[in-house]
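Take a look at the letters that make up each chain.
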Amino acid sequence: SAIQKIMDRLSISPEIQDDAIDRFVQFENTPMAKGTDLLPILLQAIKETRELRFRYISFLDESESERVLHPYLLKEYRNRWYVIGKDADAGKVKTFGLDRISDLSIRENYFTVDKSFDPETLFKYSFGITAGGKPEKIVLKFAPQEGRYVKAQPLHPTQKIINESADGLTVELKVIPSYELKATIRSFGTGVKVIEPVDFSLD
């Protein structure tokens, strides 16, 4: 399907066979993410608006619990898949990584999708897979080399350049603080400094 997308977008002749494409198109070779075998069941439940029951291991403390979910959306982030829906017990929208789900089954019960659920709004200010919460203004200053990378490949759609000079690049993001955001900032090491908020912790 990835090869077909390239053919469609670049108008590559269908006469070019797969073995020819391999000579000048190299795809990223990533391991199959755990939990992708659950995608057909999850998609079926979403389309039929039926409840799901599964066991889930928390990412934070490794505790295991049984969940009943009204599934709304499947989302991929960095080659991992997640299901977003309303937790029947908590009564609010949550995100669950497929690699931490076991004993998945579709229940007979049907549900009604919450009309207030809007994935575009939900993830507009999210960084990574974390959704919900209040977005904040994050100002980052990058060293010259890191700044060129961030300018060429923005960290987030809300990224705005505040200042660019020989000393580096300063950008502003409007995002919800999350583990994924902090991990990304930490990945630049000494090549980045958090300007605002002054009390922003990367721990």
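Scroll up to find the structure.
Residues numbered from 1 in each chain as written. Predicted model: local features only at pLDDT ≥ 70, side-chain atom pairs only at ≥ 80, totals over all residues. Heavy atoms only, no water.

A. Main features of the overall build of the protein chain. When you go through the protein chain residue by residue, the secondary structure sums to six helices and nine strands. For the protein chain, the proportion of its 203 residues judged to be buried stands at 35%. Contacts spanning at least 24 positions in sequence make up 57% of the contacts within the protein chain whose residues lie at least 6 apart. (Helix = DSSP H or I, 4+ residues; strand = E, 2+ residues; numbered from the N terminus. Buried < 20%, exposed > 50% of the residue type's maximum accessible area, 1.4 Å probe, protein only. Contact = heavy atoms within 4.5 Å.)

B. Geometry of the packing of aromatic side chains. Scanning the entire structure with this criterion turns up eight aromatic pairs. Between Tyr-72 and Phe-117, the aromatic rings sit 4.8 Å apart at their centres with planes inclined by 55 degrees, giving tilted as the arrangement. Remark: Phe-117 occurs in the loop between β5 (101-110) and α4 (119-122) and Tyr-72 occurs in strand β2 (residues 64-77); sequence separation between them is 45 residues. On the basis of relative accessibility, which here comes to 10%, the residue Tyr-72 falls in the buried class. Through a chain of ring-to-ring contacts, three or more aromatic side chains come together here, namely Phe-54, Tyr-56 and Phe-96. The aromatic ring of Tyr-110 is capped on one face by Arg-50, whose charged end is 5.9 Å from the ring centroid. The ring of Phe-200 is capped by Lys-182, whose NZ or CZ atom sits 5.7 Å from the centre of that ring. (Phe/Tyr/Trp six-rings, centres within 6.5 Å; stacked < 30°, edge-to-face > 60°. Lys NZ or Arg CZ within 6 Å of the ring centre and 35° of its normal.)

C. Seen up close, the pairing of strand β1 (residues 50-57). Here five bridges tie β1 to β5, and the two strands are oriented antiparallel to one another. Directly across from Tyr-56, in β5, lies its bridge partner Ile-101. When β1 meets β2, the two strands line up antiparallel, connected through six bridges. If you follow Leu-52 over to β2, its bridge partner there is Leu-69. Linking β1 to β2, which pair antiparallel, is a turn of six residues; within it Glu-62 sits at a positive phi near 65 degrees. (Pairing = 2+ DSSP bridges.)

D. Main features of the environment of Val-83. Among the structural elements, Val-83 can be located in strand β3 (residues 80-87). Separated by 14 residues in the primary sequence, Val-83 and Gly-97 place their C-alpha atoms 6.6 Å from one another. The residues contacting Val-83, other than those within four sequence positions of it, are Leu-42, Leu-69, Pro-71, Leu-73, Leu-74, Lys-94, Thr-95, Phe-96, Leu-98 and Ile-101.

E. A look at a nonpolar patch on the surface. The grouping of Phe-59, Leu-60 and Tyr-179 at the surface amounts to a nonpolar patch, some 410 Å² of accessible area in total. Among the secondary structure elements, Phe-59 is positioned in the loop between β1 and β2. Judged by its relative accessible area of 46%, Phe-59 is partly exposed. (Patch = residues over 30% accessible without salt bridge, like charges linked within 9 Å, V, L, I, M, F, W, Y side chains within 5 Å. Areas by Shrake-Rupley, 256 points an atom, 1.4 Å probe, with all protein chains shown as cover. Salt bridge = Lys/Arg side-chain N within 4 Å of Asp/Glu carboxyl O.)

F. Highlighting the sheet that holds β2. Taking strand neighbours across the sheet as the criterion, the five strands line up as β4-β3-β2-β1-β5 in an open arrangement whose pairing is antiparallel. Single-partner strands in this sheet number two, and they are β4 (92-97) and β5. When strand polarity is set aside, the average angle formed by the axes of neighbouring strands in this sheet is 45 degrees. Across the sheet, helix α3 (residues 39-48) lies against β1, β2, β3 and β5, angled at about 90 degrees from β2, the strand it touches most. (Axes fitted to C-alpha atoms, helices over the stretch in contact; angles between N-to-C directions.)

G. Just the sheet that holds strand β9 (residues 192-196), in detail. Spatially, β7-β8-β6-β9 is the arrangement adopted by the four strands of the open sheet, whose pairing is antiparallel. Looking at strand neighbours, the two that pair on one side only are β7 (160-165) and β9, the edges of this open sheet. The sheet shows a mean angle of 20 degrees between the axes of neighbouring strands, direction not considered. Pairing between β7 and strand β8 (residues 168-175): five bridges, direction antiparallel. Counterpart to Ser-165 in the pairing with β8 is Gly-168.

H. Fine view of the side chain of Arg-50. Tracing the sequence through the fold places Arg-50 in strand β1. Among the polar contacts made by the side chain of Arg-50, one reaches the main-chain carbonyl oxygen of Arg-107 at a distance of 3.1 Å. Contacts of Arg-50, omitting those with residues within four sequence positions, involve Gln-44, Ala-45, Pro-71, Ile-106, Arg-107, Glu-108, Asn-109, Tyr-110 and Phe-111. (Polar contact = N/O pair within 3.5 Å; in protein donor to acceptor, adjacent residues only side chain to side chain.)

Purely geometric numbers; function is a separate question.
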